[in-house]
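Spelled out from the first residue to the last, the chains are:
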Amino acid sequence: MSHQFSYQHLREFTQEVFVRMGCSLEHADKASEVLVSADLRGVDSHGVARLSGYVRLWEAGRINPRPDIHIVHETPSTAVVDGDGGLGLVVAPFAMEVALQKAEAVGSGWVSVKHSNHFGIAGYHAMMALERDMIGIAMTNASPLVAPTFAKERMLGTNPIAVAIPANQQPAFVADFATTTAANGKLEILQRKNMQAPYGWIQDKTGAPSIDPHELRNGGALLPLGGDREHGSHKGYCLGAIVDIFSAVLSGANYGPWAPPFVSFLPLPPDPVGQGLGHFFGAMRVDAFRPADEFKANMDKWISRFREASPVDGEQVLIPGDPEREMEKVRREQGIPVLEPVVKDLQEVANKFKLSF
């Protein structure tokens, strides 16, 4: 069972929660915008369902509500940003803005981030580039929940990659995907709905395939994109590893099994190799390669031709970003459905801060 809430209602409530945590109004506004954009786009696993998790991290002293986010090293086209333990929802847009400014100046900008936290949906940050006729790239490492191919041990996060590419008449190309077969948030949704997981999503603590969405609590692990070696899980493992290295080894954040867990009840690894979580952002000015109008006209042609690809029976060929864009249109008009367990979660958060939800 789910309840409908307007976008505005969820924005205002989450903003007020971040203010009560001690964030400035500017930071609370940005954090709520990034968070609820996930619900708008149908990525329910990364929206208001995560709010109580951020509150618990703050209560555990692992989120700094008043961070001094700053550049610690830079060249004309690159930078390292220190998030000072702030909300990733605020640190990430700051860092992406640095990448965009560098791209404005020299054609492309590349920014690695340390000392941050969970940054919401990667697509939001990559899409910041679109209105400036730029290509945006965003990635982050995350809680170690994923076993590399042939491993029983959890070593990597779901480590998403997002790429946003502008077009002209056609809507933008926006790819935003975890480097696992399914993101952890998808398991959480199955848990709330009392449903089983498909084979290829998770393994138990011995490394055997499992369909129990609660398997992570029993020492199991998520699987890299592909699910198993025969279906290319080694490629998913490589993708997740690249994200981890770009986001954390490059910036000075914690990497691999040292990445801090999102859940506050798990202890931080006792021997950190860096600071907080890491992210990586890129911005490329289209006209650093060819005239932007020319490029966007060709993107229109690319998108149109792929849309016209002969579909298998009963299906429609989609462009990355289509489902999320359609969902956003519907949810802005009709409201955002929130599952009963998440509503209860939000009511508990409201009670904690003496708010009404």
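The rules behind the values
Residues numbered from 1 in each chain as written. Predicted model: local features only at pLDDT ≥ 70, side-chain atom pairs only at ≥ 80, totals over all residues. Heavy atoms only, no water. Core = buried A, V, L, I, M, F, W, Y, C linked by side-chain atoms within 4.5 Å. Buried < 20%, exposed > 50% of the residue type's maximum accessible area, 1.4 Å probe, protein only. Contact = heavy atoms within 4.5 Å. Pairing = 2+ DSSP bridges. Helix = DSSP H or I, 4+ residues; strand = E, 2+ residues; numbered from the N terminus. Axes fitted to C-alpha atoms, helices over the stretch in contact; angles between N-to-C directions. 1 Å grid on protein atoms, 1.4 Å probe; cavity = no way out; pocket = protein on both sides within 12 Å on 5 of 7 lines; lining within 4 Å. Points joined across faces, edges and corners; volume = space filled by probe spheres on them. Nonpolar A, V, L, I, M, F, W, Y, C, P; charged D, E, K, R; others polar. Parallel < 35°, antiparallel > 145°, perpendicular 65-115°, else oblique. Salt bridge = Lys/Arg side-chain N within 4 Å of Asp/Glu carboxyl O.

Novice: So what exactly am I meant to see when it comes to the nonpolar core here?
Specialist: Nonpolar side chains in soluble globular proteins generally cluster together in the buried interior. Membership of the largest hydrophobic core comes to 63 residues, with the highest contact counts inside it found for Val17, Phe18, Leu87 and Val338. In this view, Leu87 contacts Phe18, Cys23, Ala31, Tyr54, Ile63 and Asn64; residues no more than four positions away in its chain are not counted. Counting 17 residues, the second largest nonpolar core, distinct from the first, contains Ile165, Phe173, Val243 and Phe280.

Novice: It is not clear to me how the sheet that holds strand 8 (residues 202-203) should be interpreted in this structure. Could you clarify?
Specialist: The strands that make up a sheet pair up through hydrogen bonds in the backbone, lying either parallel or antiparallel. The three strands lie next to each other as 9-8-10, forming an open sheet whose pairing is antiparallel. Bordering the open sheet on either side are strand 9 (209-210) and strand 10 (221-222), each of which pairs with just one other strand.

Novice: How should the sheet that holds strand 3 (residues 78-82) be read in this particular structure?
Specialist: On the basis of which strands lie adjacent, the open sheet formed by seven strands has the order 2-3-4-11-5-6-7 and mixed pairing. Bordering the open sheet on either side are strand 2 (70-74) and strand 7 (173-177), each of which pairs with just one other strand. Averaged over neighbouring strand pairs, the angle between their axes works out to 15° when direction is ignored. Where strand 3 lies against strand 4 (residues 108-116), five bridges are found, and the strand directions are parallel. Following the sheet pairing, Ala79 is matched in strand 4 by Val111.

Novice: Explanation requested: empty space enclosed by the protein in the structure shown.
Specialist: Empty space left among the atoms is revealed by rolling a probe the size of a water molecule over them. Evaluated as defined, the whole model comprises one cavity of 30 Å³ or more. Quantified by volume, the largest cavity comes out at close to 40 Å³. Its residues assigned to classes, the lining of the largest cavity comprises six nonpolar, five polar and no charged.

Novice: Just to check I follow, could you spell out the packing of helix 1 (residues 7-20) against helix 3 (residues 51-59) for this structure?
Specialist: Each pair of packed helices can be summarised by the angle the axes make with each other and by the distance between the axes. Taken N-terminus to C-terminus, the directions of helix 1 and helix 3 make an angle of 5°; their axes are 11 Å apart at the nearest point. With respect to their mutual orientation, helix 1 and helix 3 come out roughly parallel. Of helix 3, the residues touching helix 1 (which contributes Phe13, Thr14, Val17, Phe18 and Arg20) are Leu51, Tyr54, Val55 and Trp58. Across the contact of helix 1 with helix 3, the residue classes break down as seven nonpolar, one polar and one charged.

Novice: Got a minute to help me understand the pattern of salt bridges in this structure?
Specialist: For side chains bearing opposite charge, pairing can occur when the charged atoms are close. One pass over the full model with this rule turns up 18 salt bridges. Of the charged contacts in the structure, one is a salt bridge between Lys296 and Asp133, with a shortest N-O distance of 2.9 Å. In this pair, Lys296 sits in helix 8 (residues 292-307) while Asp133 sits in the loop between helix 5 (122-127) and strand 5 (134-140), placing the two residues 163 residues apart along the sequence. Taking the relative accessible area as the measure of exposure, Lys296 reaches 13% and is therefore buried. Among the residues examined, Asp133 registers a relative accessible area of 27% and is labelled partly exposed. Glu326 is the partner of Arg325 in a salt bridge, and the nearest nitrogen-oxygen pair spans 3.6 Å.

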